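This is what each chain is made of:
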Amino acid sequence: MKWNNSFAIGIETIDEQHKKIFEHLLAIENAVAKRDPWHIQRFLLSQLADYMKFHLAVEEALLEIVGYPGRLGHKEAHSHILEQLAELERGMKENPSADNLVRFFENWFLNHVLQGDREYVVYIRKEMPALLRA
Ligand SMILES: [Fe+2]
Ligand SMILES: [Fe+2]
């Protein structure tokens, strides 16, 4: 799936990172479509997981700094997805294709970007409007 500007939440750094995650996802999708060997898919997947960890940490730090009241719940949703990602990665040992994983992750991510992340933006818009683009 490709990035679409309607996915933007209005905080530049976060939008750039979300875009990057879509690029990682697209790379995996292409690898699956081309039937690249499992070790290539696995490598791309670990790159996605690493970048995802980085992005979630940045987001959590931001929510901490702005004092977002829902930050604990948001953080829990993040740890949950990392656990699921790790589980799916382990599952690749039996079924060495990133196919299911990509679909699952894409749904989660889209949902998170379009919903979960938008909830904290409402708060930031009110408390720290300077963080948002005009
Ligand atoms: Fe995010
Ligand atoms: Fe998030």
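Structure: above.
Conventions used here
- Residues numbered from 1 in each chain as written.
- Chains lettered and ligands numbered in written order.
- Predicted model: local features only at pLDDT ≥ 70, side-chain atom pairs only at ≥ 80, totals over all residues.
- Helix = DSSP H or I, 4+ residues; strand = E, 2+ residues; numbered from the N terminus.
- Rg over C-alpha atoms; globule rule 2.2 N^0.38 Å.
- Buried ≥ 20, exposed ≤ 12 C-beta atoms within 10 Å, placed from the backbone.
- Expected span 1.5 Å × (residues − 1).
- Contact = placed C-beta atoms within 7 Å.
- Axes fitted to C-alpha atoms, helices over the stretch in contact; angles between N-to-C directions.
- Parallel < 35°, antiparallel > 145°, perpendicular 65-115°, else oblique.
- Left-handed = near helix turned anticlockwise from the far one by under 90°.
- Nonpolar A, V, L, I, M, F, W, Y, C, P; charged D, E, K, R; others polar.
- Core = buried A, V, L, I, M, F, W, Y, C linked by C-beta atoms within 7 Å.

**Student:** How should the overall build of the chain be read in this particular structure?
**Tutor:** In terms of regular secondary structure, the chain is built from 4 helices and 0 strands. The order of helices and strands in the chain, counted from the N terminus, is α-α-α-α. The globule rule puts the C-alpha radius of gyration for 134 residues at 14 Å, and the 16 Å found for the chain is close to it. Relative to its full complement of 134 residues, the chain shows a buried share of 16%.

**Student:** Just checking my understanding: could you explain helix α2 (residues 38-66) for this structure?
**Tutor:** Each α-helix turn comprises 3.6 residues. Residues three or four places apart therefore point the same way. The first and last C-alpha atoms of α2 sit 42 Å apart over 29 residues, in line with the 42 Å expected at 1.5 Å per residue. Regarding α2, the residues found buried are Q41, L44, L45, L48, M52 and E59. Against α1 (12-33), α3 (71-91) and α4 (99-127) lie the buried residues of α2. G67 sits one or two positions beyond α2 and adopts a positive phi of about 70 degrees.

**Student:** Even after reading the chapter, I still don't get the environment of K53, so can you show me in this structure?
**Tutor:** By the element assignment, K53 lies in helix α2. C-beta crowding within 10 Å serves as the criterion here: with 13 such atoms nearby, K53 is assigned to the partly exposed category.

**Student:** It is not clear to me how the packing of α1 against α4 should be interpreted in this structure. Could you clarify?
**Tutor:** In the contact formed by α1 and α4, the axes pass within 10 Å of each other and the chain directions differ by 160 degrees. Judged on the interaxial angle alone, α4 and α1 are roughly antiparallel. Taken as a pair, α1 and α4 cross one another with a handedness that is left-handed. For the pair α1 and α4, the contacting residues are H18, I21, L25, I28, E29 and V32 in the first and D99, V102, F105, E106, F109 and V113 in the second.

**Student:** Explain the packing of α1 against α2 to me, please; I cannot follow it from the model alone.
**Tutor:** Angle between the axes and distance between the axes: these two values describe a pair of packed helices. Orientation of α1 relative to α2, taken along the N-to-C sense of each, is 165 degrees, at an axis distance of 10 Å. The orientation of α1 relative to α2 falls into the category roughly antiparallel. Relative to α2, α1 is oriented so that their crossing is left-handed. On α2, the residues that touch I14, Q17, K20, I21, H24, L25, A27, I28, A31 and V32 of α1 are I40, Q41, L44, L45, Q47, L48, Y51, M52, H55, V58 and E59. For the contact of α1 with α2, the residue count by class is 14 nonpolar, 5 polar and 2 charged.

**Student:** Sorry, what's going on with the nonpolar core here?
**Tutor:** What tends to happen in soluble globular proteins is that the nonpolar side chains get buried as a cluster. L25, I28, L45, L48, A98 and V102 are the most contacted members of the largest nonpolar core, which has 13 residues in total. At the level of secondary structure, the elements contributing two or more residues to this core comprise α1, α2 and α4. The residues contacting I28, other than those within four sequence positions of it, are Q41, L44, L45, L48, A98 and V102. By size, the runner-up hydrophobic cluster in this structure holds 5 residues, among which are I11, I14, Y120 and I124.

**Student:** Honestly, the environment of I124 in this entry has me stumped. Any pointers?
**Tutor:** In this structure, I124 sits in helix α4. The spatial distance from the C-alpha of I124 to the C-alpha of I11 is 9.5 Å, given a sequence separation of 113 residues. I124 has contacts with I11, V66, L131 and L132, leaving out every residue within four places of it along the chain.

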